[in-house]
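Each chain, written out:
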Amino acid sequence: MKLIHKFKSPNFNNRNSKIIEFVIIHYTALNSTVESINYLCSKKNKVSCHYLISSDGKIYNLVHENKRAWHAGKSFWRENSDINSSSIGIELDYSPYGNNNKYTIQLINSLLKLLKRIVKNHNILPINILGHSDVAPYRKIDPGKTFPWHILEHNNLINKIYISKNTKILHNIIDKWFLKHRIKTKKRRILFMLSYIGYDISLALKKDFFFNMLLAAYASRYKYYSNYNYNKKNVDKIIKIHFLEIILTKLKK
Ligand SMILES: [Zn+2]
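Fair warning: this is a prediction, and the values are worked out from it, not measured in the lab.

On to the nonpolar core. Counting residues in hydrophobic clusters, the biggest one holds 34 residues, and the most contacted among them are Trp-77, Leu-194, Tyr-199, Leu-214, Tyr-218 and Ile-239. Those elements that place two or more of their residues in this core are strand 3 (22–27), helix 5 (168–180), helix 6 (186–197), helix 8 (208–222) and helix 9 (235–249). A per-element tally of this core places helix 9 first, with 7 residues. Looking at which domains feed residues into this core, each of domain 1 (3–154) and domain 2 (168–249) supplies at least three. Setting aside its immediate chain neighbours within four residues, Tyr-218 contacts Ile-161, Leu-194, Tyr-199, Val-235, Ile-238, Ile-239 and His-242. Listed in part, the 27 residues of the second largest apolar core include Ile-25, Leu-92, Leu-111 and Ile-129.

Here it is in structure tokens:
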């Protein structure tokens, strides 16, 4: 795998953690790779990433992996609030509004290669490959609705959520547990599970507006489970299976 080292960003500092646990995937929302390089390497913008992948599949290394690139901003995942210190940030040359509004095969193939290398080098767990919208659901929507998470799943980079028709018993067990612990409303149950999975639920607890944003962030990632098309009626079903999956595989490499 060839990395291009021609352009470097000055926007980084030292990591506060020695362990790299997460990979965060972004889109640039800019019109081209040239524009993105200029933006990410300009000191005044105070943002950067470790890797930028162009729509024709070139991989630019803008910040050394040992350094803390500034890509995630104010973010949170499973007790971690300094995501930049413990992650590698990958920007994809994609904008929902530009000519680059499709994830090309070349870009995705390069992303797969890069992810496989990062996973191997840093022992990243499948549950820790995340989108910016996972770690900042109230501020960010990238890598967006059209990002092909299912391809990452087929490449065993992230976990598949197994949904079978016979999950009624499991649903009942979880529902009984919720009742026993007086977590009664559907909203509270969803928030309990999303929090366990890793999401920041702080704002969603306070306002329905933010609760809906959180659900939208979740749905934009998991909508490809076509039997469980996102709507408020059945989104909790897939979250329940996901929740169980996390409980059962949390410590498994
Ligand atoms: Zn982002």
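That covers the picture; the talk isn't over yet.
Next up on the list: the pattern of salt bridges. For the structure on display, the rule yields 7 salt bridges. In this structure, Arg-189 and Asp-175 form a salt bridge, with 3.5 Å as the shortest nitrogen-oxygen distance. Of this pair, Arg-189 sits in helix 6 while Asp-175 is found in helix 5, placing the two residues 14 residues apart along the sequence. Residue classification places Arg-189 among the buried positions, given a relative accessible area of 15%.

Distances from the zinc ion to its protein donors, His-26 (ND1), His-132 (ND1) and Asp-142 (OD), fall within 2.1 Å. For the zinc ion, the donor residues sit on a single chain with the sequence spacing H-x105-H-x9-D. One end of the pair, His-132, is in helix 3 (residues 132–135); the other, Asp-142, is in the loop between helix 3 and helix 4 (149–154), and 10 residues separate them in sequence. Of the two residues, His-132 and Asp-142, both sit in the buried class.

Another aspect to go through is the environment of Phe-210. Relative to the assigned elements, Phe-210 resides in helix 8. In sequence terms Phe-210 and Pro-137 are 73 residues apart; their C-alpha atoms lie 8.8 Å from each other.

Moving on, we get to empty space enclosed by the protein. Tallied over the entire structure, the rule returns 2 cavities of 30 Å³ or more. When its volume is computed, the largest cavity comes out at roughly 160 Å³. Lining the largest cavity are 15 residues, and of these Ile-127, Arg-221, Tyr-222, His-242 and Ile-246 lie nearest its centre. When contributions to the lining of the largest cavity are tallied by element, the ones reaching two or more residues are strand 8 (129–131), helix 8 and helix 9. Among the elements that take part in the lining of the largest cavity, helix 9 stands out by supplying 3 residues, more than any other. A per-class count over the lining of the largest cavity returns 10 nonpolar, 2 polar and 3 charged. When we break the lining of the largest cavity down by domain, the ones giving at least three residues each are domain 1 (3–154) and domain 2 (168–249).

Moving on, we come to the environment of Gly-89. In this fold, Gly-89 is placed in strand 7 (residues 87–92). Beyond its immediate sequence surroundings of up to four residues, Gly-89 is in contact with Ile-24, Cys-49, His-50, Tyr-51 and His-71.

Right, let's talk about the domain arrangement of the chain for a bit. Taken domain by domain, the chain holds domain 1 (3–154) and domain 2 (168–249). Averaged C-alpha coordinates put domain 1 and domain 2 at centres separated by 26 Å. The interface is formed by 16 residues belonging to domain 1 together with 19 residues belonging to domain 2. Of the roughly 1500 Å² buried between domain 1 and domain 2, counting both surfaces, carbon and sulfur atoms make up 58%. When the buried surface of domain 1 facing domain 2 is broken down by residue, Pro-137, Tyr-138 and Trp-149 rank first, second and third, together holding 41% of it. Counting the contacts that link domain 1 with domain 2 gives 1 salt bridge. Residues Asp-134 and Arg-221 are paired through a salt bridge, measuring 2.7 Å at the closest nitrogen-oxygen approach. The interface formed by domain 1 and domain 2 contains 6 residue pairs in polar contact (both at pLDDT 80 or more). Of all the secondary structure elements, the ones that give two or more residues to the side of domain 1 that touches domain 2 are strand 8, helix 3 and helix 4. Looking at the side of domain 1 that touches domain 2 residue by residue, the class counts come to 8 nonpolar, 4 polar and 4 charged.

Scoring rules and cut-offs
- Residues numbered from 1 in each chain as written.
- Predicted model: local features only at pLDDT ≥ 70, side-chain atom pairs only at ≥ 80, totals over all residues.
- Heavy atoms only, no water.
- Core = buried A, V, L, I, M, F, W, Y, C linked by side-chain atoms within 4.5 Å.
- Buried < 20%, exposed > 50% of the residue type's maximum accessible area, 1.4 Å probe, protein only.
- Helix = DSSP H or I, 4+ residues; strand = E, 2+ residues; numbered from the N terminus.
- Domains from an automatic or database assignment.
- Contact = heavy atoms within 4.5 Å.
- Salt bridge = Lys/Arg side-chain N within 4 Å of Asp/Glu carboxyl O.
- Donors = N, O, S within 2.8 Å, 3.2 Å for Na, K, Ca; no water.
- 1 Å grid on protein atoms, 1.4 Å probe; cavity = no way out; pocket = protein on both sides within 12 Å on 5 of 7 lines; lining within 4 Å.
- Points joined across faces, edges and corners; volume = space filled by probe spheres on them.
- Nonpolar A, V, L, I, M, F, W, Y, C, P; charged D, E, K, R; others polar.
- Buried area = accessible area lost by both parts, 1.4 Å probe.
- Polar contact = N/O pair within 3.5 Å; in protein donor to acceptor, adjacent residues only side chain to side chain.

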